[in-house]
Amino acid sequence: MIELDRVSVTYGVGHTALRAVQDVSLRIASGEALGLVGESGSGKSTVLRAVAGLIPHAEGRIAIDGRVLPNRRPRESRKIIQMVFQDPYGSLHPNQTVDQTLSAPIAIHRLGDAERRIMAALTEVGLGREHRYRYPHQLSGGQRQRVAIARALILEPRALLLDEPTSALDVSVQAEILNLLTRLRRDHGLTMLMVSHDLAVIAHICDRIGVMRGGRLLEMTTAAAMAEGRVSDPYSQQLLRANQTLDPAAIADVTA
Amino acid sequence: MTAPPLLEVRNLRVVYPGDDGDFRAVRNVSFSLGRERLGIVGESGSGKSTTGRAIMGLIPRPGRVEADAMRLGDADLTRLNERGFRRLRGKRIAMVMQDPKFSLDPVMTVGKQVAETHRYHFRSSWKAARTAALEMLEAVHIRDPERVYAQYPHQISGGMGQRVMIAMMLIAGPEILIADEPTSALDVSVQQQVLAIMDEMVRSRGMGLILISHNLRLVSSFCDRVLVMYAGQIVESCRANRLHAATHPYTRGLLTALPELGNRRAELPQLRRDPEWLADLPAQVGTAP
């Protein structure tokens, strides 16, 4: 459904130019969940933003259902793909109630029937009528992330872009949000592209996993292969070890 | 334990007065710390950071710190005023916080910040303090200490910043280091390096370490002993390598709620909070190793 062909992103010009993403190509089938892992600066979030159309100067080809997207995105494409950001406190307007936040996309896309859509979206993410007129600061971190997901769902998109959706949350709340995402994917056949530095979180949601470093997609593997330690790239192996327990090799590296 | 503990805390309470009565952020907390690595885990609001701050004398008014006993060697922490704490902090007990971006002074070179600690506690000259700071930067495996000394916090990476923080905290030779989520703002691979450096320093100097973290995996693989906090209390205490066999339903709930590589479950079990967990516990839970 989503197709990236040699996508590159450069920030800045001249000798200070930074190639944040270099020739990344990947395909995500309809209903598939694909994950990208890597450290900060690896370009994983930039890929997500390029797909979302938040980086208008991205080079290469990004297509949805075979149709190449222009750099300036048409409104309809935004309805197909929606994004959920890492920090729900930063991504929700502090002076707008949940109701206002959820109304905006309906108004922009002239969908009408706001009342029903808002209630449906709230129910979908496990929030009730009582949360509708609250401000973000009156909600817990988990509830805020639920609102952010409801905001993305209200346009009934076919794909969700998830940028570290649980890394700002406590373990018990993370489990709730991951369960919610799993259920939404199953019930709506949502396509997902998810970015995280936590391998276990990515492997919980995604089938295929891409490892990124220095703007490049090093390796495309699967959650199962990762779990069995069957990764070929040395960097992927290192990432795998670092994610499991304390890595004696890393300690030896520094203390040597 | 045969040697007397470095730190002993008995029935620690931290109370914030509120409109509808006092809020007890920390209650019934007792533990002792020897030359070991002690982990404190819990979720946000469990009181783990507040416990660390109470030991450092960093609870702002109108918050109150009360304890039956809180001793750092021969020093009685319950009787100290702000001046007394200032003499202690850095010298005998030090704290590394989460994000070096916010804990380093942005308008002072990092080297000078490390040297300043030395000057304060040893009344040393800038020259002597500089030499000591450079040695300390080298000890935390900074390759080019001279260059880093002259850099400002925005010029160095997060991992480097956290090493500088560790250097600053250890330069006056404290007996105890409290690290509050020291690696949460860092990448996994850098996390490992920072932990390794911290571990090396604490071991070689025979210090006690309190690692405060929400990360169960990290704490269980790094520490010797773990205290689990919930709603201001220690609900469970065990050897770190036995954390997987924890018995309290809260700890069990946290462990099973973690997604696992290689064991994908259709649904992660969600934590059901039992109101019974809020009941006051006898204050001894944390003492037995």
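This structure is a prediction, so every number in the text was calculated from the model and none was measured.

Rules used throughout
- Residues numbered from 1 in each chain as written.
- Chains lettered and ligands numbered in written order.
- Predicted model: local features only at pLDDT ≥ 70, side-chain atom pairs only at ≥ 80, totals over all residues.
- Helix = DSSP H or I, 4+ residues; strand = E, 2+ residues; numbered from the N terminus.
- Rg over C-alpha atoms; globule rule 2.2 N^0.38 Å.
- Contact = placed C-beta atoms within 7 Å.
- Buried ≥ 20, exposed ≤ 12 C-beta atoms within 10 Å, placed from the backbone.
- Pairing = 2+ DSSP bridges.
- Axes fitted to C-alpha atoms, helices over the stretch in contact; angles between N-to-C directions.
- Nonpolar A, V, L, I, M, F, W, Y, C, P; charged D, E, K, R; others polar.
- Right-handed = clockwise from strand over helix to strand, strands pointing away.

Peer 1: For this particular structure, what's the right way to read the overall build of chain A?
Peer 2: The helix and strand inventory of chain A stands at 11 helices and 10 strands. By the compact-globule yardstick of 18 Å for 256 residues, chain A fits well, its C-alpha radius of gyration being 19 Å. For chain A, the C-alpha atoms occupy an extent of roughly 60 × 40 × 35 Å along the three principal directions. In chain A, the proportion of contacts linking residues at least 24 apart, taken out of those at least 6 apart, comes to 64%.

Peer 1: Can you walk me through the overall build of chain B in this structure?
Peer 2: The helix and strand inventory of chain B stands at 10 helices and 11 strands. Radius of gyration (C-alpha) of chain B: 20 Å, near the 19 Å computed for a compact globule of 289 residues. Taking the principal axes of the C-alpha coordinates as reference, chain B spans close to 60 × 50 × 45 Å. Here chain B, with 289 residues, has 45% of them falling under the buried criterion. For chain B, the proportion of contacts with a sequence separation of at least 24, taken over those separated by at least 6, is 68%.

Peer 1: Can you walk me through the sheet that holds strand β11 (residues 233-239) of chain B in this structure?
Peer 2: In sheet architecture, strand pairing relies on hydrogen bonds along the backbone and comes in two forms, parallel and antiparallel. Residue and element names in this part refer to chain B. Within the open sheet, the six strands sit side by side as β7-β8-β9-β3-β10-β11. Their pairing is mixed. Two strands lie at the open edges of the sheet, namely β7 (93-96) and β11, each paired on one side alone. Each neighbouring strand pair of the sheet contributes to a mean axis angle of 20°, computed without reference to strand direction. Here six bridges tie strand β10 (residues 225-230) to β11, and the two strands are oriented antiparallel to one another. Within β11, the position partnered with L227 by the bridge is S237.

Peer 1: Is there a simple way to think about the sheet that holds strand β9 (residues 208-213) of chain A in this case?
Peer 2: Residues and elements named next belong to chain A. Read from one edge of the open sheet, six strands run β6-β7-β8-β3-β9-β10, paired in mixed fashion. Looking at the sheet topology across the chains shown, the edges are occupied by β6 (81-84) and β10 (216-222). Direction aside, neighbouring strands of the sheet carry axes that sit 20° apart on average. Pairing between strand β3 (residues 33-37) and strand β8 (residues 191-196): five bridges, direction parallel. Within β8, the residue paired with A33 across the bridge is M192.

Peer 1: How should I be thinking about the interface of chain A and chain B in this particular structure?
Peer 2: Interface size is often expressed as the accessible area that is lost when the parts come together. Taken together, the 30 residues of chain A in the interface contact 29 residues of chain B. At the level of elements, α7 (171-188), α8 (199-205), α9 (223-227), α10 (234-244) and α11 (248-255) of chain A are the ones that each hand at least two residues to the side of chain A that touches chain B. In the side of chain A that touches chain B, the residues fall into 16 nonpolar, 10 polar and four charged.

Peer 1: Got a minute to help me understand the pairing of strand β9 (residues 208-213) of chain B in this structure?
Peer 2: Put simply, side chains in a regular strand alternate between the two faces of the sheet. All names here are of chain B. For β9, the buried fraction is high: six of the six residues fall into the buried class. By the alternation rule, side chains of β9 split into G208, I210 and I212 and L209, L211 and S213, which are all buried. Judged from the five bridges that link them, strand β3 (residues 37-41) and β9 form a sheet pairing that is parallel. When the bridges of β9 are listed, L38 appears paired with I210. Each parallel crossover has a hand, and for strand β8 (residues 176-180) linked through helix α8 (residues 188-204) to β9 it is right-handed.

Peer 1: Help me understand the environment of B:V96 in this model?
Peer 2: All names here are of chain B. Mapped onto the secondary structure, V96 falls in strand β7. Through-space distance from the C-alpha of V96 to that of I178 is 6.3 Å; in sequence the pair is 82 residues apart. Setting aside residues up to four positions removed in sequence, V96 forms contacts with M165, I166, M169, L177, A179, D180 and P182.

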